[in-house]
Amino acid sequence: MARRIDVTGAGGVRLAAWEFGDPPKTDLTDPTDPTDPARELPQAPEERPPGVLLLHGLMGRASHWASTARWLSERYRAVALDQRGHGQSDKPPRAAFTRDAYVEDAEAALEQLGLAPTVLIGHAMGALTAWQLAARRPDLVRGVIICDMRASALGAASQREWGEWFKAWPVPFATLADVRKWFGEDDPWVERPNPARGEFYAEVMAESPDGWRPVFDPEQMLSSRETWVYDAHWEELTQVRCPALVVRGLDGELGRAEAQEMVRVLPRGEYAEVADAGHLVHYDQPEAWRAAIEPFLDGLDGLDGLDGLDGLDAPDDRDND
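Residues numbered from 1 in each chain as written. Predicted model: local features only at pLDDT ≥ 70, side-chain atom pairs only at ≥ 80, totals over all residues. Heavy atoms only, no water.

Draft legend 1. View of the pattern of salt bridges. Summed over all chains, the structure comprises 25 salt bridges. In this structure, Glu-164 and Lys-167 form a salt bridge, with 3.7 Å as the shortest nitrogen-oxygen distance. Here Glu-164 and its partner Lys-167 are both found in helix H4 (residues 155–168), 3 residues apart, which amounts to about one turn of the helix. Taken as a pair, Glu-164 and Lys-167 share a single burial class, namely exposed. It is possible to trace a salt-bridge network through shared partners that takes in Arg-75, Arg-142, Arg-290, Glu-294, Asp-298 and Asp-301. (Salt bridge = Lys/Arg side-chain N within 4 Å of Asp/Glu carboxyl O. Helix = DSSP H or I, 4+ residues; strand = E, 2+ residues; numbered from the N terminus. Buried < 20%, exposed > 50% of the residue type's maximum accessible area, 1.4 Å probe, protein only.)

Below, the structure written as structure tokens:
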């Protein structure tokens, strides 16, 4: 199950967060009667499960993390965030779609939900938000998982290609089956049939009087992308002091050489790759994705059980120049 929790992001934008699994215990009866057998005591901070915040990529939504969040909820408090302009969060036409706004939204969600110190798991643009927040607020983040996001600048040509791609969408789609077929087979960006990709985009469509249209505004997506596509992000990676795992799909957008350089630059970086997966790693191959990230999470939990963690917070002596 998933329950919605509204949080307030930067500039007062309302964001929808989705908690998977059972919510933390609260006092559902008379707080003044300790003899009430039905009384559930609130959990003390040290008794709460550690938090995980999942951040989708551009055009994504929290529900894309459902498979991951469900198994995470067995041991963590797992929350996925619909970022501004996405899913069921607000899409105000005059809202800021800057890097700062996305990072401040994630920061606000952590603080309002009481998830910190948390593990941030981000895909694509969500991964960029995750490592930028970890660099800015190390007190809120104990680990980061970066899924198929490049640190290099992509440039103006990439932004133009995205603009042309949005124009090529045959919206409105008559049916969801048409959505699945176009994004899974007919889209010129698809090299070979990919049913998972079709399902991914079917989740971000809503029915309107004339057919099925995206739940987001493509112009807002381009505005969001414009705030990071021209810049390289290597310096920010050097400032991530917590353990970080870089995960790529073998057929994804993040190449092996760049991924391994990201690991080298990260003070406490680790690397994993998922075979038979493209850019949508967690969606293409959910079981292999779990196998790739679970050892990293186990290692984080092991660190939490050690004394003297202050010494472990220092970077190792790898050359990060």
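Draft legend 2. Representation of the sheet that holds strand E4 (residues 77–82). Pairing in this open sheet of 8 strands is mixed, and the strands run E1-E2-E4-E3-E5-E6-E9-E10 from one edge to the other. Looking at the sheet topology across the chains shown, the edges are occupied by strand E1 (2–8) and strand E10 (269–274). In this sheet, adjacent strand axes meet at a mean angle of 20° when their direction is disregarded. Sheet topology places strand E2 (residues 14–20) next to E4; 5 bridges connect them, and they run antiparallel. Across the sheet, the residue bridging to Ala-16 is Asp-82, located in E4. The strands that helix H2 (residues 99–113) touches are E1, E2, strand E3 (51–55), E4 and strand E5 (118–123); relative to E1, the one it contacts most, it runs at about 115°. Against the sheet, helix H3 (residues 125–136) contacts E3, E5 and strand E6 (141–147), and its axis sits at roughly 155° relative to E6. (Pairing = 2+ DSSP bridges. Axes fitted to C-alpha atoms, helices over the stretch in contact; angles between N-to-C directions. Contact = heavy atoms within 4.5 Å.)

Draft legend 3. Here's a closer look at the confidence of the model for the protein chain. Averaged over every residue, the pLDDT of the protein chain is 89; residues scoring 70 or more account for 87%. pLDDT under 50 marks residues 26–44. Its contacts with residues more than four places away, or in other chains, come to 20 contacts. (pLDDT = per-residue confidence, 0-100.)

Draft legend 4. Representation of the packing of aromatic side chains in the model. Following the criterion strictly, the structure yields 18 aromatic pairs and no others. Residues Trp-162 and Trp-165 carry aromatic rings whose centres are separated by 5.3 Å and whose planes lie at 80° to one another, so their mutual orientation is edge-to-face. Of this pair, Trp-162 and Trp-165 both sit in helix H4, separated by 3 residues, roughly a single helical turn. The class for Trp-165 is buried, based on a relative accessible area of 2%. With a centroid separation of 5.4 Å and an interplanar angle of 70°, the aromatic rings of Phe-200 and Tyr-201 are classed as edge-to-face. Grouping residues by exposure puts Phe-200 and Tyr-201 together as buried. Put simply, the rings of Trp-162, Trp-165, Phe-166, Trp-169, Phe-173, Trp-182, Phe-183, Trp-189, Phe-200, Tyr-201, Phe-216 and Tyr-283 touch in pairs and so form one group of aromatic residues. (Phe/Tyr/Trp six-rings, centres within 6.5 Å; stacked < 30°, edge-to-face > 60°.)

Draft legend 5. Main features of the pairing of E4. Burial runs high along E4: 6 of the 6 residues are buried. Where burial is concerned, the two faces of E4 agree: the one with Arg-77, Val-79 and Leu-81 and the one with Ala-78, Ala-80 and Asp-82 are both buried. Bridge analysis of E3 against E4 gives 5 bridges, and the strand direction is parallel. Paired with Gly-51 across the bridge in E4 is Arg-77.

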